[in-house]
Amino acid sequence: MLSRPEKMNAITTAMNTEAIFLFEQVDRDPSVSAVIYTADPASKVFCAGADLDGGWATSGAGNKPSASVQAVKSAVAAHRDGGGVLSVAISRCRKPVIAAINGTAVGGGVTPTLACDMRVVSADAKIGFVFARRGIVPEGCSSYYLTRLVGIGQANEWVMTGRLFKATEAAGTGLFNYILPRSEVVGKAHALAREIVDNCSPSSVTLSKFMLAKQLDVSSP
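Residues numbered from 1 in each chain as written. Predicted model: local features only at pLDDT ≥ 70, side-chain atom pairs only at ≥ 80, totals over all residues. Heavy atoms only, no water.

This brings us to the packing of aromatic side chains. Evaluated as defined, the whole model comprises 5 aromatic pairs. Taking the centre distance of 4.3 Å and the plane angle of 10 degrees together, the rings of W158 and F165 count as stacked. Judged on exposure class, the residue W158 and its partner F165 are both buried. A network of ring pairs unites the aromatic residues F23, Y37 and F46 as a single cluster. The ring of Y144 has R148 sitting right over it, with the charged end atom 3.7 Å from the ring centre. Positioned above the aromatic ring of Y178, the side-chain terminus of K188 is 4.3 Å from the ring centre. (Phe/Tyr/Trp six-rings, centres within 6.5 Å; stacked < 30°, edge-to-face > 60°. Buried < 20%, exposed > 50% of the residue type's maximum accessible area, 1.4 Å probe, protein only. Lys NZ or Arg CZ within 6 Å of the ring centre and 35° of its normal.)

Here it is as structure tokens:
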């Protein structure tokens, strides 16, 4: 659960690291059957994205003026943004992961949810892939997931304009499984998780999850 309401749940490096650790732990924990990724209901938004006011640290050879050209190239080649590491951790989790987006989610606040298996969103939420308006590019593996969820045309519009749009505008695009009143979002996520846990084989769910995901990247059956 994202819980930093005084900063609109903006993600810091520490929060991102903790989330990655959490998904790695629940992946191995036999007592966990499903995961719900959501925000503190006391918060006004789901997540305002990465904390760019000093909470999101950068590191690497590329930041050192004395670094050699080869060192910089190596650092760039090896680099994955923190949001990307989180998205990979979510996608690798063998348990069903359901995002309960109970409020506005923009930038790095929405991209990790794309790696989740299902997404339930508040009808009054605003969504934004705002990177172009910040002079940066999509992070968190969102360029991979977004096109697969909604198609290249819709992804291009949202990413190239960087505009905020109402969650209801995304109805029928494949971005969300359910668009509901805010008070029902977390409950619906719990109901989906309970339906899986109570009625399905954990092994079957895990294997099916990875089989379906794998088919997105193959050229034939």
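Remark on secondary structure: sheet strands pair via backbone hydrogen bonds, oriented parallel or antiparallel. One open sheet holds the 3 strands; their spatial order is 3-5-6, and the pairing between them is mixed. Unpaired on one side and paired on the other, strand 3 (105–106) and strand 6 (164–166) mark the two borders of the sheet. Two elements, strand 3 and strand 5 (residues 126–128), share 2 bridges in a ladder whose sense is parallel. Looking across to strand 5, one finds that A105 is bridged to I127. (Pairing = 2+ DSSP bridges. Helix = DSSP H or I, 4+ residues; strand = E, 2+ residues; numbered from the N terminus.)

Before going further, it helps to examine helix 3 (residues 82–92). G83, G84, L86, S87, V88, A89 and I90 are the residues of helix 3 that are buried. Residues of helix 3 that are buried make contact with helix 1 (13–28), strand 1 (35–38), strand 2 (97–101), helix 4 (111–114), helix 5 (142–150) and helix 8 (202–214). Among the residues of helix 3, the N-terminal cap falls to D81, whose side-chain oxygen and the backbone nitrogen of G83 are separated by 3.2 Å. (Contact = heavy atoms within 4.5 Å. Polar contact = N/O pair within 3.5 Å; in protein donor to acceptor, adjacent residues only side chain to side chain.)

This brings us to the layout of surface pockets. Size it by volume and the second largest pocket reaches roughly 650 Å³. Along the wall of the second largest pocket there are 26 residues; nearest its centre are A115, C116, D117, K209 and A213. When residues of the lining of the second largest pocket are traced back to their parent elements, those giving at least two are helix 3, strand 4 (118–122), helix 5 and helix 8. Looking at the lining of the second largest pocket residue by residue, the classes come out as 15 nonpolar, 4 polar and 7 charged. (1 Å grid on protein atoms, 1.4 Å probe; cavity = no way out; pocket = protein on both sides within 12 Å on 5 of 7 lines; lining within 4 Å. Points joined across faces, edges and corners; volume = space filled by probe spheres on them. Nonpolar A, V, L, I, M, F, W, Y, C, P; charged D, E, K, R; others polar.)

Right, let's get into the side chain of T111. Note that T111 resides in helix 4. Under the relative-accessibility criterion, T111 is labelled buried at 0%. Residues in contact with T111, not counting those within four places in the same chain, are S87, F131, E139, G140 and S142.

None of this, on its own, says anything about what the molecule does.
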